[in-house]
Structure formats: structure tokens, C-alpha cells
Amino acid sequence: MSAETGSTDFHASSSKALLDPSLRANFRRAMDGLMAKRAAQFPDPVEWDALRTLAASIRARTLAKLPALLEALEARCTANGIRVHWAETVDDANEIVLGILRARGAARLVKGKSMVSEEMHLNDFLEKNGVESLESDLGEYIIQLDGETPSHIIMPAIHKSRQQIARLFGEKIRGAEYTEDVDALTATARRVLRRKFFEAEAGVSGVNIAVAETGTLVLVENEGNGRMSTHVPPVHIALMGIEKVVEKLEDVAPILTVLTRSATGQPVSTYLNLISGPRGPGEKDGPGEVHLVILDNGRSRIFADQEVAATLRCIRCGACMNYCPVYTRVGGHAYEAVYPGPIGSILTPQTEGLAKRHDLPHASSLCHACVEVCPVKIPITQILVTLRKESAHASPEFLVKGAGGGRDRLEDLAWWGWRMAHVSPLLYKAMSLGLRVFGPLLKGGAGPLKAWTQARTMPRRAPRTLHDLASEKGLPDA
Amino acid sequence: MKPEAVYFFGTCVVDLFFPEAGLAGIELLRREGVRVIFPRGQTCCAQPAFNCGHHAEARAVARVQIALFPRDLPVVVPSGSCAGMMRHHYPELFAGEPDEAAAIAFAGRVVELTQFLVNVLGVRLTDRGGPETVTWHSSCHGLREMGLEAEPKGLLAQLGNVRVAPLTRERECCGFGGTFSVRYPDISSAMVADKVADVVQSGASVVLSADAACLLNIGGALEKTGAAARPMHLAEFLWERTRER
């Protein structure tokens, strides 16, 4: 975010990110690894198509019944002993979490990974209210130590090199020596976190899938920290967006298989937690209380807008960012948003509004790499184009927040000129001739030409156009 | 079945910057005994305005093109991107408009050039050129909207004297993206710089693509950096190597 204006601008932040060669190398290397691992999991295009068609249809069916499924989820969870809380805004959600903690006098919290908690800026909020909130996912722990936000939704610390992490640990963790040995670094974090799990008075987690039929909260993870955060402290608070529900237990497996394979190239995650309620009578472990906070934060508005509602199919695998040539070059922080990359470029403008984030729908070359790998077939590029349209024009038909917020009169004029030159053969010919005569005089000094010529020579109109050549050859006109 | 005649939609970038590629595409078709009609006054598929969200302007331009290609003949396009626009996005662009049916009918007749050469005409090529190493850039819209991969590669494989040195990241975008290249010039420049480096490391003397817009971008960057490789549209390369002199 720009310090002077307080506004967000992907132009400035991405240009700045491009100047950092180590950042670019870190992302390139990491994304190459993730792409190779994912590709190895889907060797057969026919199987891939079948898997994603099934996953997409489950997500689409879920969204078609969303209000009813959420009510069913609430009823089923309540019957299971899970207390359900509804939050329209992130402020509401933060207050709910704080209220639960205050009622139990809890001042120490451990957290599993949760992107909804990032939307809420929960850690900052809790710190301000005197609650220690410690991230227990290794990547999240690293960036929390350094006062940063995630740069990737699955690999939050992917922008950091081993050396940077080694330095950070050496500086910030008492008793930690500088070492670049990954096992030693992991052991250091484990030593700190182990103690915290047992001291914590509450645990927070995200939710990958919530099953309406059974009131089950599904959580995938690889480090065991998710299980520790949800089972060891006496209170567990799960956070989810309204879109994470599915109808039946049998809907879970088809989603999980594309989720873990797309995200990290794993056929299954190391841990799979199915949480169906607090500790029952006679059970030896588990929290005494389980709370589920269901957050809207603009999702209902997306749900109501057929043009963009497919955005809510997302299962947060991160494959779109791994494959995005823009994300790979600028990294996640340049987006100045909770969700970076292609999914963020369609989600953030919808939740924050196009007046504020009309820069993001254009942050794509529309190469379709994200669409090709999305395991739930979100038409990301189509939604980007829709948002560009709704950003450039205000219309009562556009339901998106801040429609018309990116309108630029000069650009409107340019498109009017473009239209005139391309609807009239005569004007097109005049433009073509103009390019021939005046093109060589343009030195690429200003505006779009300057932008183009920073990396390329000026295009030169050919001496004779295809129209000229076709006439010379005597090709029929009709 | 081979049609007696086809329409040729040259695209604006080919018309203005790569006319030889357009003519080569026409000659490849005519050599197979197909009459090629080139409606004068054709301009642009309207993709630039469509992709930028200026759909009224895009529709106005698309409408003029549709009217120029009235007969029930294939519309052959030497660009995966423009073909993808006309074939897949015209129906969406005209949804709910009075001429929606005409747009859908037109879209159904649009075929990309190499797909027409291979899948409809089944061309067999005889290589008459000397040994040459080339590389292939699979343009994003051709690849991901039109499924263009087997056809251009199959045509290249028919040339006995041509070696194809693959790019390390053949499927990665060159950074053009229409107005993206001038809206986000730093990102676009970084992308095309990587593409140029990839072309150079391949050792190829020519970088081929079935999309002139990518060639405008990659070629301009090759020239700016003084690299020896030159850009060429696949149609022009195929025609130049196989025509009888």
C-alpha cells in the first residue's frame, strides 16, 4: 500500500517487485517445483478432465443450494454440539472470536492455517485486545515472526529463501543459532510451538470443507499443527467462508483428491481431520467446546451475481497462482490483497469494490493458464473480462460493488476512435495509410508507445498490406 | 469434405504488419485447389475492445465483419487468437442482441488456418529448403482456446530438413496480452525478456508461431536486444519452404 495516498496500486507495487531479482528467482524456482509436482499427479488428460468435471459439478450444485445447505449445516452442527456463529463482516467475526475468548478468560491462542483469518486480520485484532495469537503452520509462523502477510495461499512464506529464514530465526528466537539446515530450522520451530500448544487456552483453525449432511468440518494439513491446534486446547474455534459447505459426506473425497493434487502435488495430505463436535462423554481427547464462525464478507453479493458467482467455487488450491506468468514474476505481496494471483484478481475487486481495485482485473495477459489448471473449472479469464466491462461502465444491470469505478474518459475516447477506424473500410484504409506515412516519425516517446518500446522496437507497417497483396493477386472480393 | 471455396479473414495485425504471412496462408489453401475469397474492407475481429470490457465498441466492429462473410463457407483465420475470439466469444458478445443467431452461425464457420490445412484438407508437404533449426511458440489463445497443438507441430514434422528445438517454457505466455503490454509494461517486458532468452538458448534461427500478435511482441524484443533469431508466421515458413520456384 502506498504510504502517501493510502491507496492500493498494482502498477507501482508490481514494478517495484520486478526490481528484486532474488524475489523473482525465489518465486520462479518455487512455482516450477509446484507445477512439476502437480503435473505428475495428473498424467492422464482423460482422468484429469473426469476428476475436475466431477469436482466442478459438486461445487456448482453446492452453490445452487447454498442458503439451504448453510441452514442444514447449522442445524446439524448444533445437534453435534458445535456452536455456530454468523458473521456478516470481518469486524463481526473478530468480535465473535474475542467474545468467545473473553468468556473463558483465554489470553493465549494457537492458530492453524486459515485464509479467512487473514481476511479478518485476526492476529492484529487479537494482539490489540491483549490476546497472544501464535501461528503454528511453519510458513505462517515464519512470516508472523517477520511481521509479514502470506505471499501465497498455500505456501505463505514461499517468497523467503532458506538463508532469510535462517537469519530470521537467529535474530528472533531465543536460543536459536544461525543455521541453514532445514531439519534444524524445523526442529527449532517445533520446539517453540510444542510448548505453545500445551499452554494455549484456545485453538483456531480454518475449514477446507464443511459437510451439511453430517455437520463435519474437514481440515487438510501436512504438519500435524492443525490437529494439535484443534484438539489440544480446551476450546476450538473454526473459521469458514459461507461458500465452503458441501451437501453430503460423499462430496468430500472428489474435492479433496483434486485439492491436494493441485495444491502441492500430493495424492493425499499427511493429515486429514474430520471434526464433528466437542469431546464426548468418555472420550479421551478433543476440546470441550467447538465453535464454528461462518463469515460472509461480501460473498453473498457474489453469490447473487450470476455473471461472477462461479468465483465462489474456489477450493483454495493455489494452482492458478502457481501457473500464472504474472504472479510468478511479481510474487504475492505485489497484489496488496489477502488473495493474490488470478483468483485474487477476480475475488478482491468483488469484495473490496471496483472503485478501489480496478487495477486487478487488468493484471493478466488473459493467457488462460489458470483456467487450464483450475480443478473446479472457474472461468477466471471470462470473469476478468466481465469485471473489466463492469469497471469501465456504470450500469444498473451490474451488481458488482463499485461498478464503473475504473471508468476513464480518455480511454473511452480511445475506444471510440478505435471503433470508428474499424467499422468503416474507408477510415481503416486511412489509418493504415497514416501508419505507413507517420509511423516512422513516431519515436516511441510517450504513452502506450513508450511503454511498448521499453522492451521492443516500434512495429513497422509493411510497405504493402494484405489488402494490397490480395488485390494484386486478383483474389475475389465476395 | 473439401469445400470449393473459403473465406479468408486476414486479421488486422497480419494485414498491417505481416501481410506476407497472410498471403502465404492464402497460397497454401489455393495450392490444394481451394478458391480463396478475400472480402475487402475486413478489419479486426474486435478482440482488443472485447478483452478490455468495451463490448459495445467490440460488437459494432464484429457486426461489420460478420456482414462481409455472408455465404455458408468456412472462414479461415491465420491466428489462433482471432479465431478463438470469433469462434468462442462472438456468441457471448451478441447474447440477447437481435443478430445473435447470425453471430452464432458465423462463429460456427470460423476455422484456424493450420487446423483447416490438416483436418479438412489433409495437406502433404514436400520440403524444398535447406537444413534449418527453428523453435515453436505455442500462442496462448491458439493453444488453450482453439486446442492448437497437434496441427502446427504435425505440419512442421512434415518438413524433412527442419529441426525443431523446443523452448524450455513453450506453453508460457510471451507477455503480449493486447493492452496488457501497455497497461503493465514492466511485467510484460519481463515476460517477453524471458521469452527472448528462451528463444536464444534454443539455438534456433527462426521463432515460429501461428499468431502474428505474439510475433510482433517477441520479434520486437528480439530486434531490440540484437538477437539473431527472427520471427516468422508458420504459414509463411511453410509456404516459403514448400513452394515450387
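Residues numbered from 1 in each chain as written. Chains lettered and ligands numbered in written order. Predicted model: local features only at pLDDT ≥ 70, side-chain atom pairs only at ≥ 80, totals over all residues. Heavy atoms only, no water.

Undergrad: Account for the sheet that holds strand β2 (residues 35–37) of chain B, naming residues and giving values.
TA: All names here are of chain B. Ordered in space as β2-β1-β3-β4, the 4 strands form an open sheet in which the pairing is parallel. Of all the strands in the sheet, just β2 and β4 (110–112) have a single pairing partner and so form its edges. Strand-to-strand twist across the sheet, computed as the mean angle between neighbouring axes with direction ignored, equals 40 degrees. As judged from the 3 bridges shared by strand β1 (residues 5–8) and β2, these two strands associate in the parallel manner. Among the inter-strand pairings, Y7 is bridged to a residue of β2, identified as I37. (Pairing = 2+ DSSP bridges. Helix = DSSP H or I, 4+ residues; strand = E, 2+ residues; numbered from the N terminus. Axes fitted to C-alpha atoms, helices over the stretch in contact; angles between N-to-C directions.)

Undergrad: Quick one: what's the story with the domain arrangement of chain A, residue by residue and with numbers?
TA: Per the domain assignment, the segments of chain A are domain 1 (44–145 + 200–297) and domain 2 (409–472). Placing the centre of domain 1 of chain A and that of domain 2 of chain A at their C-alpha centroids yields a distance of 54 Å. (Domains from an automatic or database assignment.)

Undergrad: Residue-level account of the nonpolar core, with values.
TA: Counting 188 residues, the largest nonpolar core has F10 and L292 of chain A together with L29 and Y90 of chain B as the members making the most contacts within it. A per-element tally of this core places helix α12 (residues 212–225) of chain B first, with 8 residues. Beyond its immediate stretch of four places on either side in the chain, L29 of chain B contacts V6, F8, V34, V36, V76, L113, F116, L117 and L121 of chain B. Within the second largest apolar cluster, 23 residues are counted, among which are V90, L98, A202 and V204 of chain A. (Core = buried A, V, L, I, M, F, W, Y, C linked by side-chain atoms within 4.5 Å. Buried < 20%, exposed > 50% of the residue type's maximum accessible area, 1.4 Å probe, protein only. Contact = heavy atoms within 4.5 Å.)

Undergrad: Could you give me a rundown of the domain arrangement of chain B, with the residues and numbers involved?
TA: Residues and elements named next belong to chain B. Domain boundaries assigned for chain B yield domain 1 (5–120) and domain 2 (132–242). Residue-level contacts link 31 residues of domain 1 with 24 residues of domain 2. Of all residues in domain 1, the largest losses of buried area upon contact with domain 2 belong to F18, T114 and Q115, amounting jointly to 22% of the total for that side. Where domain 1 touches domain 2, the interface holds 0 salt bridges. Summed over the shared surface of domain 1 and domain 2, the result is 11 residue pairs in polar contact (both at pLDDT 80 or more). Looking at the side of domain 1 that touches domain 2, the elements with two or more residues in it are α1 (12–17), α2 (19–31), α3 (47–51), α5 (80–93) and α7 (113–120). By residue number, the principal contributor to the side of domain 1 that touches domain 2 is α5, which donates 8 residues. Partitioning the side of domain 1 that touches domain 2 into residue classes produces 14 nonpolar, 12 polar and 5 charged. (Buried area = accessible area lost by both parts, 1.4 Å probe. Salt bridge = Lys/Arg side-chain N within 4 Å of Asp/Glu carboxyl O. Polar contact = N/O pair within 3.5 Å; in protein donor to acceptor, adjacent residues only side chain to side chain. Nonpolar A, V, L, I, M, F, W, Y, C, P; charged D, E, K, R; others polar.)

Undergrad: Please give an account of the interface of chain B and chain A that cites residues and values.
TA: With 73 residues of chain B at the contact, the number on the chain A side is 64 residues. Summing both partners gives a buried area of about 6,300 Å² for chain B against chain A, and 61% of it is carried by carbon and sulfur. When the area that chain B buries against chain A is broken down by residue, the three leading residues are L16, R40 and Y184 of chain B, summing to 11%. Where chain B touches chain A, the interface holds 11 salt bridges. The residue D194 of chain B makes a salt bridge to R28 of chain A at a minimum N-O spacing of 3.7 Å. The tally of links between chain B and chain A comes to 37 residue pairs in polar contact (both at pLDDT 80 or more). Of all the elements, helix α11 (residues 185–202) of chain B adds the most residues to the side of chain B that touches chain A, at 9 residues.

Undergrad: Can you tell me about the packing of aromatic side chains, naming the residues and giving the values?
TA: As enumerated under the stated definition, the model contains 14 aromatic pairs over all chains in all. Between F42 of chain A and W48 of chain A, the aromatic rings sit 4.6 Å apart at their centres with planes inclined by 55 degrees, giving tilted as the arrangement. With respect to class, F42 of chain A is no different from W48 of chain A; both count as buried. A ring pair is formed by F180 of chain B and Y184 of chain B, whose centres lie 6.1 Å apart and whose planes are at 45 degrees; its orientation type is tilted. Lying over the aromatic face of W48 of chain A, R38 of chain A brings its terminal NZ or CZ to 4.8 Å of the ring centre. It is R316 of chain A that lies over the ring of Y339 of chain A; its NZ or CZ is 4.4 Å from the centre. (Phe/Tyr/Trp six-rings, centres within 6.5 Å; stacked < 30°, edge-to-face > 60°. Lys NZ or Arg CZ within 6 Å of the ring centre and 35° of its normal.)

Undergrad: Break down a negative patch on the surface for me, with residues and values.
TA: All names here are of chain A. On the surface, a cluster of negative charge is contributed by E88, D91, D92 and E95. Inspection of the secondary structure assignment puts E95 in helix α5 (residues 90–103). By relative accessible area, E95 is classed as partly exposed at 48%. (Patch = residues over 30% accessible without salt bridge, like charges linked within 9 Å, V, L, I, M, F, W, Y side chains within 5 Å. Areas by Shrake-Rupley, 256 points an atom, 1.4 Å probe, with all protein chains shown as cover. Lys, Arg positive; Asp, Glu negative; His and termini not counted. Charge placed at Lys NZ, Arg CZ, Asp CG, Glu CD.)

Undergrad: So what's going on with the state of the cysteines? Which residues, and what values?
TA: Tallied over the entire structure, the rule returns 0 disulfides over all chains. The closest cysteine sulfur to the non-disulfide-bonded C314 of chain A is located on C320 of chain A, 6.5 Å from its own sulfur. Since its relative accessible area comes to 7%, C314 of chain A is described here as buried. Sulfur of C174 of chain B: no disulfide; nearest cysteine sulfur belongs to C214 of chain B and is 4.3 Å away. Residue classification places C174 of chain B among the buried positions, given a relative accessible area of 2%. (Disulfide = S-S within 2.5 Å.)

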